[in-house]
Structures are given as C-alpha cells and as structure tokens.
Amino acid sequence: MKIPTVAVDQYDFLEHRRNQEAAHWSRNTKDSPLRSILTVEINTTELCNRTCVFCPRHDPEVFPNRNLHMTVKGAATIAKELANNDFRGKISLSGFGENLLNPQFPEIVSAFREYLPDATIECNTNGDRLTKEYAEDLISQRGLDILYINLYDGIEQMEHFDVIMKDIPKANYKYRMHWGDFEKHGLILNNRSGVMDWVGVEESSVTALQGKPCHYPFYKMFVDWNGDVLFCSNDWGREHVVGNLLQDSLYDVFCSVSL
C-alpha cells in the first residue's frame, strides 16, 4: 500500500515543525519575554480509551483513567489571557488523554478560535471516536487548523480514515505513523520524567543526560485540564506546578519559569 502524502514520519514532521516555527517568528514581532512561547499545549481530559505500551496509562496503578475534563469556561479564560498578551503561536490540544473523550471538546476548540484568531490550533487524536461529521465540524465550523491522526495499529488504518477524511482538505489533517518501528515513525520513547520504567530506557541513558540543558520550558508551556501549568511538558507525575492560568497572569507564570 502506498503511503499517502498526508502521512508523516519523524523527518517529515520535523520539517513541518520548522516551517511552523518560521511562520511564528515572521508574524510575532512584539518585543516581549513572552515572544519565545512557540506552543501552548493543552490537556483537555484525563481519559483515554487506549493503554499503549509507551504511555504511563499502560499501568493503571501508575496513571489511572479519571473522569476529569477541561471546561469551556476554563478554555475561554485561558484563551482570553493568551489573547491579552498577543499570543499568536500554536495551541496544541494534546496532553495526557484522548481529546475526543471530552464531551465539550468542539466547544473548547471554538473558545480558543474565538479569542485567538491568529493562532494555529492543532489537535492530536487516536481517531477511535472520529467520524466524518465530527471531523468536518472541528475543521469547518470550530476553526481547527490541523487534525493529527496518530496511527498506532498499522498502515491499514489509513484506508479507514481516508473514507472519513475524503472531503477534508489535505492541508487540514495529517496521519502520523506510530506503529511497529517506533524510532522510524517518530515515536521516540522516553520515561515521561521518570513515571515509566518498562519501555526499555536504560538507567545509564538517563544518567548521561543529567546536567545537560533542556530548553522546552522556555518555548513550550503545558496547561493541564484544571489550568495548572507544569514546568515540564513530559511531567506525567505533575511534580512541578509553576502556576495556574485560571488564577495567574501569563506573564507571572512564564517568568516564574524563565527568570
């Protein structure tokens, strides 16, 4: 089976991200410490219908499903705070759960689009709950720019999603290959800030990274379902919370990290 042009491996996806970053810098010229925020990742739900081996949810004692969701009001509050600071980067609806399990997810997308007309709004999904009508609503009515459909089971999934996405412009969705050879398909395994120890990450590999810089906190902000901002976007243990965008200003939260 020929892989469609909307399917991306790790090399395609890195080029895609570089193009997005170039676009960000071209339109975001305001001289401010907040200018370095390229991405705000949003965790909209604590539910997922899968238990993938590379995810902490593989062990429910480590990361159990919880019926907790970001609300539309919470999303609007966060979006307004970002808009008040002229944020024009990328909203990545991803995080720790499956977005489509949040019963108010379409309305959440609408809230971010209403207050952030110049931002790029993306969503990650495993596609298990995706329908033609849902995809069309998110993209045509709610203002979602790009839907990333992560393919965990194999290339044969593409035929199923081709039917669902046949009327959607190819610029508005991408398949991400996440099956089999994880490294080839861009799913570079990590231990999720120490939460996982069953994915073959050698302790020596972790030790070798100690003392080396990580720049993620300075260009990517992670916002949890309840507004909490985590220092590290891979901190599945939620060990370091640096503020809350439902209560604190974006400037105060970000500068508590960067200064």
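These numbers come from a predicted model, not from an experiment. (Residues numbered from 1 in each chain as written. Predicted model: local features only at pLDDT ≥ 70, side-chain atom pairs only at ≥ 80, totals over all residues. Heavy atoms only, no water.)

Draft legend 1. View of the overall build of the protein. Secondary structure summary: the protein contains eight helices and nine strands in total. Looking at the protein as a whole, 48% of its 259 residues are labelled buried. Within the protein, contacts between residues separated by at least 24 positions form 73% of all contacts whose residues are at least 6 apart in sequence. About 12,800 Å² of surface is accessible on the protein, with carbon and sulfur atoms providing 49% of the total. (Helix = DSSP H or I, 4+ residues; strand = E, 2+ residues; numbered from the N terminus. Buried < 20%, exposed > 50% of the residue type's maximum accessible area, 1.4 Å probe, protein only. Contact = heavy atoms within 4.5 Å. Areas by Shrake-Rupley, 256 points an atom, 1.4 Å probe, with all protein chains shown as cover.)

Draft legend 2. Geometry of the pattern of salt bridges. If you walk through the whole model with that rule in mind, you get 13 salt bridges. In this structure, the salt-bridge partner of Lys166 is Asp167, at a minimum N-O distance of 3.4 Å. Using a relative accessible area of 56% as the deciding quantity, one classes Lys166 as exposed. You can call Asp167 partly exposed: its relative accessible area is 46%. In this structure, Asp224 engages Arg238 in a salt bridge whose closest nitrogen and oxygen atoms are separated by 2.4 Å. Separated by 14 residues along the polypeptide, Asp224 in the loop between β7 (220-223) and β8 (228-230) and Arg238 in the loop between β8 and β9 (241-244) bring together distant segments of the chain. Within this structure, Glu46, Arg66, Asp224 and Arg238 form a network of salt bridges that share partners. (Salt bridge = Lys/Arg side-chain N within 4 Å of Asp/Glu carboxyl O.)

Draft legend 3. Region of the structure containing the side chain of Asn244. With respect to the helices and strands, Asn244 occurs in strand β9. In terms of polar contacts, Asn244 uses its side chain to reach the backbone carbonyl oxygen of Asn226, at 3.1 Å. (Polar contact = N/O pair within 3.5 Å; in protein donor to acceptor, adjacent residues only side chain to side chain.)

Draft legend 4. Region of interest: the nonpolar core. Grouped together as the largest cluster of nonpolar side chains are 48 residues, with contacts concentrated most on Ile91, Phe112, Leu130, Met165 and Met221. Once residues within four sequence positions are removed from consideration, Leu130 is found in contact with Leu100, Ala135, Leu147, Ile149, Phe161, Ile164 and Met165. Membership of the second largest hydrophobic core comes to nine residues, among which are Cys52, Phe54, Phe63 and Val195. (Core = buried A, V, L, I, M, F, W, Y, C linked by side-chain atoms within 4.5 Å.)

Draft legend 5. Highlighting helix α5 (residues 157-164). All of the buried residues along α5 are Gln157, Met158, Phe161 and Ile164. Viewed end-on, α5 has its buried residues packed into an arc of 115°, placing them on one side of the element. Counted as exposed and oriented over 90 degrees from the buried face of α5: Glu159 and Val163. (Arc of directions from axis to C-beta.)

Draft legend 6. Focus on the pairing of strand β3 (residues 90-93). Side chains of β3 alternate between two faces, with Lys90 and Ser92 and Ile91 and Leu93 buried alike. By the bridge criterion, four bridges tie strand β2 (residues 39-42) to β3 in an arrangement that is parallel. Bridge pairing in β3 places Glu41 opposite Ser92. Running through helix α2 (residues 72-84), the crossover from β2 to the neighbouring parallel element β3 is right-handed. Two strands pair when backbone bridges link them, and β3 and strand β4 (residues 120-125) are joined in this way by four bridges, in the parallel orientation. The partner of Lys90 across the bridge, within β4, is Thr120. (Pairing = 2+ DSSP bridges. Right-handed = clockwise from strand over helix to strand, strands pointing away.)

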